[in-house]
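Below, each chain spelled out in residue letters.
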Amino acid sequence: MTTDDSFDFVVIGAGSAGSVVAGRLSETNNGTVCVLEAGGHDRHLAIHVPAAVVYALGNPKLDWMFRTAPSEGTAGRSILQSRGKVLGGTGAINGHVYTRGDASDFDGWAAQGNPGWGYAEVLPYFKRCERRVGPGDDTYRGRSGPFTVTDIDAPEPLCEAFMEAAGTLGIPRNPDYNGATQDGIAYVQRSIHRGRRVSPARAYLFPAIRRGNTEVRTDAHVQRLVMEGRRVVGVAYRKGGQDHIVRARREVILSAGAVGSPHILQLSGIGNPERLRAAGLTPLHALPGVGDNLQDHYAARMVLRIRGAKTINERVRSLPLLVELARYALFRKGALALTPTLLYCFGKSDPALPRGDIQVSFTPASYPGGVWSGLDRFPGATMACWQQRPLSRGHVRALSPDPMQAPEIQPNYLAEETDRRAIVAAMRLARKIAGAAPFAQYVEAESWPGPTAASDAALLEHARKNGNTTYHLMGTCRMGPAEDPRNVVNHELRVHGIAGLRVADTSIIPDMPAANTNASALMIGERAADFALGRSALPPIDL
Ligand SMILES: Cc1cc2nc3c(=O)[nH]c(=O)nc-3n(C[C@H](O)[C@H](O)[C@H](O)COP(=O)(O)OP(=O)(O)OC[C@H]3O[C@@H](n4cnc5c(N)ncnc54)[C@H](O)[C@@H]3O)c2cc1C
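What counts, and at which threshold
Residues numbered from 1 in each chain as written. Predicted model: local features only at pLDDT ≥ 70, side-chain atom pairs only at ≥ 80, totals over all residues. Heavy atoms only, no water. Helix = DSSP H or I, 4+ residues; strand = E, 2+ residues; numbered from the N terminus. Rg over C-alpha atoms; globule rule 2.2 N^0.38 Å. Buried < 20%, exposed > 50% of the residue type's maximum accessible area, 1.4 Å probe, protein only. Contact = heavy atoms within 4.5 Å. Areas by Shrake-Rupley, 256 points an atom, 1.4 Å probe, with all protein chains shown as cover. Lys, Arg positive; Asp, Glu negative; His and termini not counted. Charge placed at Lys NZ, Arg CZ, Asp CG, Glu CD. Pairing = 2+ DSSP bridges. Near = heavy atom within 4 Å. Polar contact = N/O pair within 3.5 Å; in protein donor to acceptor, adjacent residues only side chain to side chain. Nonpolar A, V, L, I, M, F, W, Y, C, P; charged D, E, K, R; others polar. Salt bridge = Lys/Arg side-chain N within 4 Å of Asp/Glu carboxyl O. Patch = residues over 30% accessible without salt bridge, like charges linked within 9 Å, V, L, I, M, F, W, Y side chains within 5 Å. Disulfide = S-S within 2.5 Å. Phe/Tyr/Trp six-rings, centres within 6.5 Å; stacked < 30°, edge-to-face > 60°. UniProt positions renumbered as here; feature names shortened; annotations may be inferred. Core = buried A, V, L, I, M, F, W, Y, C linked by side-chain atoms within 4.5 Å.

## Observations concerning the overall build of the protein
Along the protein, the regular secondary structure elements total 13 helices and 24 strands. Since a compact globule built from 543 residues should have a radius of gyration of about 24 Å, the 22 Å found for the protein is in line with a globular shape. Each principal axis of the C-alpha atoms in the protein carries an extent, and together these give about 70 × 50 × 50 Å. Buried positions account for 62% of the 543 residues belonging to the protein. Partitioning the intrachain contacts of the protein with sequence separation of at least 6 by distance along the chain shows that 70% fall at a separation of at least 24. Accessible area for the protein stands at about 19600 Å²; split by element, carbon and sulfur atoms hold 53% of it. Averaging the positions of the 61 positive and the 52 negative side-chain charges in the protein gives two centres separated by 4 Å.

## What to know about the pairing of strand β19 (residues 380–387)
Along β19, 8 of the 8 residues are buried, which leaves the element largely enclosed by surrounding structure. Alternating positions in β19 separate into two faces, G380, T382, A384 and W386 on one and A381, M383, C385 and Q387 on the other, with burial throughout. Pairing between strand β16 (residues 298–306) and β19: 7 bridges, direction antiparallel. Residue V303 lies in a different strand from β19, and its bridge partner there is T382.

## What to know about the site of the ligand
The immediate surroundings of the ligand are formed by 39 residues, with S16, E37, T90, T517 and N518 found nearest. Here an oxygen atom of the ligand and a side-chain polar atom of E37 are 2.6 Å apart. Contact between the ligand and V222: a nitrogen atom at 2.9 Å from a main-chain N or O atom of the residue. For the ligand, whose free accessible area comes to 1000 Å², the fraction covered by protein is 97%. Listed by contribution, the elements that provide at least two residues to the shell around the ligand are α1 (16–27), β11 (221–228), α7 (257–267) and α13 (518–533). Of the residues in the shell around the ligand, the class split is 16 nonpolar, 19 polar and 4 charged.

## Quick notes on the pattern of salt bridges
For the structure shown, the criterion picks out 34 salt bridges. A salt bridge links R217 to D5, with the shortest nitrogen-to-oxygen separation between them at 2.6 Å. A residue pair is termed long-range when its members are at least 10 positions apart, and R217 in strand β10 (residues 214–217) and D5 in strand β1 (residues 2–12) qualify at 212 residues. With relative accessibility at 9%, the residue R217 sits in the buried group. Note on D5: relative accessible area 28%, which makes it partly exposed. With a shortest N-O distance of 3.0 Å, R132 and D151 are connected by a salt bridge. Within this pair, whereas R132 is found in strand β5 (residues 130–132), its partner D151 is found in the loop between β6 (147–149) and α5 (157–168), the two being separated by 19 residues in sequence.

## Focus on the environment of G31
Mapped onto the elements of the fold, G31 is located in the loop between α1 and β2 (33–36). Considering only alpha carbons, one finds G31 and L493, 462 residues apart in sequence, at a separation of 20 Å. G31 has contacts with D8 and N213, leaving out every residue within four places of it along the chain.

## Remarks on a nonpolar patch on the surface
A contiguous nonpolar patch, built from L319, L322 and L325 and spanning about 310 Å² of accessible area, is present on the exposed surface. With respect to the element layout, L319 can be found in helix α10 (residues 318–331).

## Details of the state of the cysteines
Evaluation of the coordinates by the stated rule reveals 0 disulfides. Free cysteine: C159, not disulfide-bonded; nearest cysteine sulfur from C345 at 12 Å. Owing to a relative accessible area of 0%, C159 belongs among the buried residues under this scheme.

## A short note on the packing of aromatic side chains
Enumeration over the complete set of coordinates arrives at 16 aromatic pairs. Ring centres of W109 and W117 lie 6.1 Å apart, and the angle between their planes is 45°; on these two criteria the pair is classed as tilted. For the pair W109 and W117, one class covers both residues: buried. Relative to F346, the ring of Y177 lies with its centre 5.7 Å away and its plane at 55°, an arrangement referred to as tilted.

## A word on the UniProt feature "domain: Glucose-methanol-choline oxidoreductase N-terminal" (unreviewed entry) in the protein
Here the UniProt feature "domain: Glucose-methanol-choline oxidoreductase N-terminal" (unreviewed entry) sits at residues 84–107 and 257–271. Secondary structure across residues 84–107 comprises 21% helix and 0% strand; the distance between its end C-alpha atoms is 29 Å. Taken end to end, residues 257–271 is 73% helix and 13% strand, and its first and last C-alpha atoms sit 16 Å apart.

## A look at the nonpolar core
The biggest cluster of nonpolar side chains holds 75 residues, and the ones touching the most others in it are W117, L225 and L493. When residues of this core are assigned to their parent elements, the largest contribution, 8 residues, is made by α13. Every residue in contact with W117, bar those within four places of it in the chain, is listed here: F106, W109, A110, V122, M479, H491, L493, I508, M523, I524, R527 and F531. A300, A381, M427 and A434 belong to the second largest nonpolar core, which has 51 residues in total.

## Looking at helix α12 (residues 456–466)
Among the residues of α12, those classed as buried are L459, L460, H462, A463 and R464. Where α12 is buried, its residues contact β16, α11 (417–434) and β22 (443–448).

Here you go:
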């Protein structure tokens, strides 16, 4: 083991949140920053060409390729749980959708003993991050941040028909679901600019490297935190077959994501003592909530066979593919510049509910088995149906002291009755929209699960047997007061009972927002940098 050197700050993980933390720390020129990232550089085309993201998933050069533990909710299946292992992290291989959630989600975080995390208080950080290109009320939208958010280049005829059909059911078009209200249906807003992915690393980390005070070490697999008593003073990592230690003069910021962060804490002896011992680890600090409270959105996908309109399935095959390649090469537009999902529809499983609880996404393309991969050979469209805030909770647990052995990831999908009811309601809403004019004329048949899945029980069976992750893991280092044993970090993201250490990524999310998680990860990174620098919070926005 060699003790290499020391920096003011050491950031573990160059993913969505870690890139922001490092980028903002470096901006002030108030200390040196070292970033340790297990993955490599981000030159792979699958990262940058939006539609090529399907080639990033399951690619060991870019993806940790975790698998979830089987459960009753997945009919005993284990599911591929992709996480980015590259500069930009999961933000370099995600589906490009930019969505923040409902105001009430963040007010809920604050109400659980997290001062400063209500919507009016986190909104300035969402805005600081964002460079919104397109319409939107500037009360809600940022115009000059590093992370560019754009709209789709041109309307898609099938999407237009789907939105009109939703309109006939009382679901209006929402001009900006990241604005005053989330309700309604809309094209997704995207982290794509000029036909290329907006990656957190390119937006935040690369400028930090150019400033000269930030050093990024790739292929550096963190093994554990180095502690002196209850203080973290450095990080042990393996690179090029050798063990190293880098010391942190001020603090370590753990941004290894919802799987990596609790795993690294556990490998360092921080967690539930009984479980640590069972995994062969020596407990150093009891914090029973580490790795618990795992949440994810679980989607049941339905496939429609389309007639009378072109879908992406035909546009990227044979001769038309050559046309699309030319369009992309010349104009950075067309099917290759599209997100894997094009529409978001936010709805309610019960009209009496005070806020939306289900979501149907639509895309005029279909994938065998409902997983982003090759496209079906027939003209197809997909509706993905999920519950916005599932109650089911799972865990991430180290299984051995070997840092290279993946932890157990058990999301416990559909464990709660409310979640089972909601996913069935979302599938019923999807079917209603697909059956409404003017979209219905394009539906030749529902090919998956198909009309034989008519009862609630049959729809639930489809969800169990064929449902899949939406890749929104979060919650495993829960933020909240120390008195509650579920909590791991306080409202300034400091680990309870440990000095010199913060956690900043989606693992700190106490309860799931009604949204994908990249926007929240970036916002959390923005906040963490301010905390680490001792800066006062941005003033709340008067709403
Ligand atoms: C296929 C897919 C599609 C998605 N689509 C969307 C979408 O469209 N919109 C959206 O908002 N969200 C989406 N998400 C989710 C979103 O991208 C993630 O929630 C977000 O990027 C997580 O950010 P993070 O900072 O918490 O973790 P990450 O971005 O995962 O960063 C963690 C980093 O830490 C590194 N790391 C982990 N362990 C170690 C270790 N031991 N040593 C060194 N480094 C380590 C990792 O390699 C990684 O770079 C998607 C996710 C996936 C996988």
